[in-house]
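# Observations on the three-dimensional arrangement
Residues per chain are reported as follows:
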Amino acid sequence: MLTLRRRFLFATIAALLVSTAPAHADPARFDLAGPKVEVRVTRDGVTLPIAQVPNLKAGDKLWLHPDFPPSQSVKYLLVAAFLRGTTNPPPDNWFTRIETWNKGVQSEGVFITVPPEAQQVILFLAPETGGDFGTLRSAVKGRPGIFVRASQDLNEAGFEQARIEKYLDSMKTVDPNDPKALSEHSTLLARTLALKPNENCFKQPVDAQYNCLTQSGNQLLLDDGHGQTVASALANGPSSDFIQAASYTGIGGGGLYSAYVGAIVDLVRLTSTLHTAQYQYIPAIAFPSDQQLNLRLNAPPSFHNPKSVIVIGLPAIQAATTPPLRAADPKQVACLLRPDLVLGLEGAPLVYSTSFAHELTLHVNSADHIPDVPLTPDAFRGGLIVAHATHRELLPPSTPDDSGIVTTPVQEPTSETKASAPPNSKPAPTATFPPGTLTGTVNGMWGFDHFTGPTLPLQNVPGKGWKLVTTDPLIVGQDNHLTLASTGTACVQAIISDSVPGTETKLDWKRADKADEISLNLPLKSLNKDTVELAIKQYGDPAIDKVTAKTYSEPAKLESLNLHAGDATAVLSGSSLDQVKQLELKGLIFTPAPNRDVSQANEAKSDLPMELDAKASDPKAIDGKTSAPKLSPGDKLTATATLKDGRTLTLPFTVGSARPSITLLSKGIDQPKGSPIHLSQDDLPINDKLTFFLKSADNYPRGQQVEIASIDDSLHTKLSIADGTLVLQNKHTVLATLEPLKVFGPSAFGPLHLRAIAPDGTTGEWIPLGTIVRLPTLTDLHCPARARQQPCTLEGSDLYLVDAFSTDQAFTSPIEVPEGFVGNSVAIPHPGADTVFYVRLRDDPSTTNQVTLPVLPIATPPAPAAPASSAVPLQPAAASAATPPTK
């Protein structure tokens, strides 16, 4: 947020604009080139060009040389006027008349000395007229406050404009088609120059970002106390009335200045009395380059009455205000071995936008006598960089007379010059730096004065002992974040990985929270090996440091562990559980069940049955009576899963309540009435009612249910006391009743099992119940009376429910019924005298059931007559050693 003082910038510059200025002139644009004036300053035997002089002091000798072309047709009078405050008009001898057309002036220039008590100096360039010098002197002495304010605002205007133009000129060197470079350099320039570029520019298309960043009106000038202090030299303080008037103007957008700084036109009428029939005043912003003042005007000069007087401000006459440089990142360590070393410093935009700071060096605070590193400001790169060796031309002597003053080159600061530094040139406060690092202090000249800048952490040897400090495993198939550490990380030049087969990948890194660590992202999308190698190149070290890290596949994800008190089994839920080797908790070791289904173990989510390994577990953790873990319901534990590759994962869980336990005492299955098929004890005919007794170890809870389901989980039902399917015989025993056809429907078949469900939802272990089977109807068996070698005809219905027939219990030569069979009779071998044969049902093909059916005689047909039977002939199946045994 700009202060009111900054909103008032150029108030009196605009005040000097006459109200009769040409209507087409834009007072907010200083884009007209003005005449050139050369200026040098000599102090204590040292001469500097005006571009390197931020302030003047009493006794300074100024060399003024108007630089007009030989073809100049209008004679300009140059008047130098010293001021001493808003209420104290200067004496007549503080005004110097310089005839620019004089050959002596053109060849040698003019020398003037800053008088004691002077606070400002202003130059006037006016076309020669009768009484010109006296008119100018009278105007200044009559209204000194206006020109005091003009001096200050002209200086500050130059500072502000220099910052903006440095930004614009630097951005023009960036590739307009590189949005990343545009963003990076815009950020660096804004930091060093205290600007705020228009952030909306980066939201525009790439081809429009460059124009947006470099057009007028997009740079917000942030508050720069240093520039204001350098420009401020008013004897009587700011004018509150002027500030209040300026705060209401709409020009500038409350501090948003264009590339050509705007003047506050509303204040023109405040100084309209300065407009005379002979002169009008127009301000000129100076852009020093070495000893030359390059002037820019906002209105073309007039050579008709009223003629234009160009007003030029020179540096204020005051004590030096050295730049308050500070580290942009106090934790950043600079590498002295890096050829493109950049010291990121901010806080003093004038260091980067002007030439006031010069002879900059970095003094290394070391007993090894490391030579000072020459530095130069570079706003484009965001700090001070290593200066290239240049030959410094000596300035010509400052005086041609016998004053004895000669030009001497600027030397490195000595103890004497340091002792004579201005009072506000304070060394940087003592800072704490990481162990093992050096420190370096920025020194330099601010105009004629030595200043000491901040002290920064440095590294002058490559880092050693590189190692991986990341504890998280590197996972193949994703981007990984890792941290590397060594004795120093500032000199890293490049980090290259072999993560992409056949290529080398350069990785981006940044400083970590600790000074000796760096963090980086490592992509491992297509790595086909179990290690990755990182090559670390450092400035000043031809050797390559290498760090090898082990990589892993995506680890198993553990979601929950279901373990009930008293159980020797548990269920682990999660994904990629095929990686789990074992599970340990409180001295108990659980391993995956050997008969588990591993087909879904590596899917997104699955369950893994775990069994207690009593041999590997701590015997003290196992109950010797029940061979179960000594765990109590509600215990909050943490299980540690060990994966097959050695990694470990932890999983907190709570021990569940004890499972309800029941046993099957007996079951009653009536043989199907009217059916010749004698079922085994494990087959449950779907048409009949099944009754069985269950017993609980403790009292059977009245709210406890019994769940019956098929093995493939396609059939479900629950029995309870409430619905009458369970009836208590006593406190421990309950009678259960199941009607499969009613509950499951006519398409139910296959093995069933049951378990108890406690009132709180805890389930018990599954126990087998039997197999539901559907029965065919076998009515008659007709066989030839005397020819047993001839087949018999078996008649009935629903014969598709039969898997095979056989005359022997071992099914040596079974007669198989094909799928999709729709007949009502089949031909089978003669059962023999005992009229007994065997059948395997399609719902339970592993069980052999006996069939007893009387044989009805039929006459043997004479050959070659057609068979008397209409039965469908079935081919005997070949005998197989894998024929299931009889249950």
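Scoring rules and cut-offs
Residues numbered from 1 in each chain as written. Predicted model: local features only at pLDDT ≥ 70, side-chain atom pairs only at ≥ 80, totals over all residues. Heavy atoms only, no water. Helix = DSSP H or I, 4+ residues; strand = E, 2+ residues; numbered from the N terminus. Buried < 20%, exposed > 50% of the residue type's maximum accessible area, 1.4 Å probe, protein only. Contact = heavy atoms within 4.5 Å. Phe/Tyr/Trp six-rings, centres within 6.5 Å; stacked < 30°, edge-to-face > 60°. Expected span 1.5 Å × (residues − 1). pLDDT = per-residue confidence, 0-100. Disulfide = S-S within 2.5 Å. Pairing = 2+ DSSP bridges. Core = buried A, V, L, I, M, F, W, Y, C linked by side-chain atoms within 4.5 Å. Arc of directions from axis to C-beta. Polar contact = N/O pair within 3.5 Å; in protein donor to acceptor, adjacent residues only side chain to side chain. Salt bridge = Lys/Arg side-chain N within 4 Å of Asp/Glu carboxyl O. Axes fitted to C-alpha atoms, helices over the stretch in contact; angles between N-to-C directions. Parallel < 35°, antiparallel > 145°, perpendicular 65-115°, else oblique. Left-handed = near helix turned anticlockwise from the far one by under 90°. Nonpolar A, V, L, I, M, F, W, Y, C, P; charged D, E, K, R; others polar.

## Regarding the overall build of the protein chain
Broken down by element type, the protein chain carries 12 helices and 57 strands. Per-residue burial over the protein chain gives 49% buried out of 887 residues. Sequence separation of at least 24 residues holds for 69% of the intrachain contacts in the protein chain that already meet a minimum separation of 6.

## Focus on the packing of aromatic side chains
Taken as a whole and judged by the stated rule, the model has seven aromatic pairs. Aromatic pair Phe 68 and Tyr 76: ring centres 5.6 Å apart, planes at 15°, arrangement stacked. For the pair Phe 68 and Tyr 76, a shared accessibility class is recorded, and that class is buried. When the ring of Phe 124 is compared with that of Phe 147, the centres are 5.7 Å apart and the planes differ by 75°; the resulting orientation is edge-to-face.

## Comments concerning helix α5 (residues 144-171)
The terminal C-alpha atoms of α5 lie 41 Å apart, and with 28 residues this matches the ideal 40 Å at 1.5 Å per residue to within 8%. Across the 28 residues of α5, 25 count as buried, placing the element largely inside the fold.

## Let's talk about the confidence of the model for the protein chain
For the protein chain, the mean per-residue pLDDT works out to 79, and 79% of the residues sit at or above 70. Model confidence for the protein chain, summarised as mean pLDDT per element, is weakest for helix α9 (residues 240-247) at 34 and strongest for strand β6 (residues 110-113) at 95. With pLDDT under 50 throughout, residues 1-28 is counted as low confidence; its partners more than four residues away or in other chains account for 105 contacts.

## Thoughts on the state of the cysteines
Applying the stated criterion to the full structure yields two disulfides. Put simply, Cys 335 and Cys 491 are joined by a disulfide, and their sulfur atoms are 2.0 Å apart. Taking the sign of the S-S torsion, 100° for the link of Cys 335 and Cys 491, the bridge is right-handed. Remark: Cys 491 occurs in the loop between β24 (479-485) and β25 (492-497) and Cys 335 occurs in strand β14 (residues 334-335); sequence separation between them is 156 residues. By relative accessible area, which is 3% here, Cys 335 ends up buried.

## As for the sheet that holds strand β22 (residues 467-468)
What the four strands build is an open sheet, ordered β22-β24-β28-β27; its pairing is antiparallel. Here the strands that pair on one side only, and so sit at the sheet edges, are β22 and β27 (509-511). Summarising the sheet, β27 and strand β28 (residues 517-523) pair through three bridges and their orientation is antiparallel. Counted as the bridge partner of Arg 511 is Ile 518 from β28.

## Examining the sheet that holds strand β21 (residues 449-459)
The strand order across the open sheet formed by seven strands is β14-β21-β20-β17-β18-β19-β15, and the pairing between neighbours is mixed. On the outer flanks of this sheet lie β14 and β15 (342-343), each paired with one strand and no other.

## A closer look at the nonpolar core
Nonpolar side chains in soluble globular proteins tend to end up buried together. If you look at the biggest cluster of nonpolar residues, it comprises 42 residues, and the most contacted ones within it are Tyr 167, Leu 343, Leu 345, Val 351, Leu 362, Leu 384 and Trp 446. For this core, the secondary-structure elements that each account for two or more residues are α5, α6 (179-193), α7 (206-214), α10 (349-353), β17 (357-364), β18 (373-378), β20 (438-446) and β21. Leu 56, Ala 299, Ile 312 and Leu 314 belong to the second-largest nonpolar core, a separate cluster that totals 36 residues.

## Comments concerning helix α4 (residues 132-142)
Three or more residues of α4 are buried, namely Asp 132, Phe 133, Leu 136, Ala 139 and Val 140. Projection of α4 onto a plane perpendicular to its axis shows the buried side chains occupying an angular sector of 135°, all on one side. Tucked inside the fold, the buried residues of α4 contact β4 (76-83), β5 (95-99), β7 (120-127), α5, β10 (279-289) and β12 (307-313).

## Comments concerning the side chain of Glu 160
Relative to the helices and strands, Glu 160 resides in helix α5. Overall, Glu 160 belongs to the buried group, its relative accessible area being 2%. Here the side chain of Glu 160 touches Arg 163 through a polar contact of 2.8 Å, side chain to side chain.

## Topic: the pattern of salt bridges
A side chain with one charge can pair with a side chain of the opposite charge if their charged atoms come near. Taken as a whole and assessed by the stated rule, the structure comprises 18 salt bridges. Across the salt bridge formed by Lys 141 and Asp 92, the nearest N and O atoms sit 2.6 Å from each other. Of the two residues, Lys 141 is situated in helix α4 and Asp 92 in the loop between β4 and β5; the sequence distance between them amounts to 49 residues. In this structure, a network of salt bridges that share partners links the residues Arg 43, Asp 60 and Asp 449.

## Side note on the pairing of strand β30 (residues 541-552)
Examined bridge by bridge, strand β23 (residues 474-475) and β30 share two bridges and lie parallel to one another. Note that in β30 the partner of Leu 474 across the bridge is Thr 551. When strand β29 (residues 531-538) meets β30, the two strands line up antiparallel, connected through seven bridges. Bridging across to β30, Gln 538 finds its partner in Asp 541. The loop that links β29 with its antiparallel partner β30 comprises two residues; one of these, Gly 540, has a positive phi angle of about 80°.

## A look at the environment of Cys 491
Given a relative accessible area of 0%, Cys 491 falls into the buried group. For the pair Cys 491 and Gln 538, spaced 47 residues apart in the sequence, the C-alpha separation amounts to 5.4 Å.

## Remarks on the packing of α5 against α6
Put simply, α5 and α6 touch, their axes get as near as 10 Å, and they point 160° apart. With respect to each other, α5 and α6 are oriented roughly antiparallel. As for how α5 packs across α6, the hand of that crossing is right-handed. For the pair α5 and α6, the contacting residues are Arg 163, Lys 166, Tyr 167, Ser 170 and Met 171 in the first and Leu 182, His 185, Ser 186, Leu 189 and Leu 193 in the second. Of the residues assigned to the contact of α5 with α6, the class counts are five nonpolar, three polar and two charged.

## Considerations on the environment of Phe 287
Tracing the backbone through its elements, the reader meets Phe 287 in strand β10. The spatial distance from the C-alpha of Phe 287 to the C-alpha of Thr 354 is 9.0 Å, given a sequence separation of 67 residues. Ignoring sequence-local partners within four residues, the contact set of Phe 287 consists of Gln 161, Ala 162, Glu 165, Gln 292, Leu 293, Asn 294 and Arg 296.

## Considering the environment of Gln 790
Within the fold, Gln 790 resides in the loop between β50 (777-784) and β51 (792-797). Residue contacts for Gln 790: discarding those within four places in its chain leaves Pro 784 and His 830.

## Quick look at unusual backbone geometry
A cis amide bond links Asn 305 to the next residue, Pro 306, at an omega of -5°. Here Pro 306 lies in the loop between β11 (292-297) and β12. Even without being glycine, Asp 713 reaches a positive phi, approximately 65°. Of note, Asp 713 is situated in the loop between β44 (705-710) and β45 (716-719). If you check the backbone angles, Asp 798 has positive phi at about 55° while not being a glycine. With respect to the secondary-structure elements, Asp 798 resides in the loop between β51 and β52 (802-806). With a relative accessible area of 35%, Asp 798 lands in the partly exposed category.

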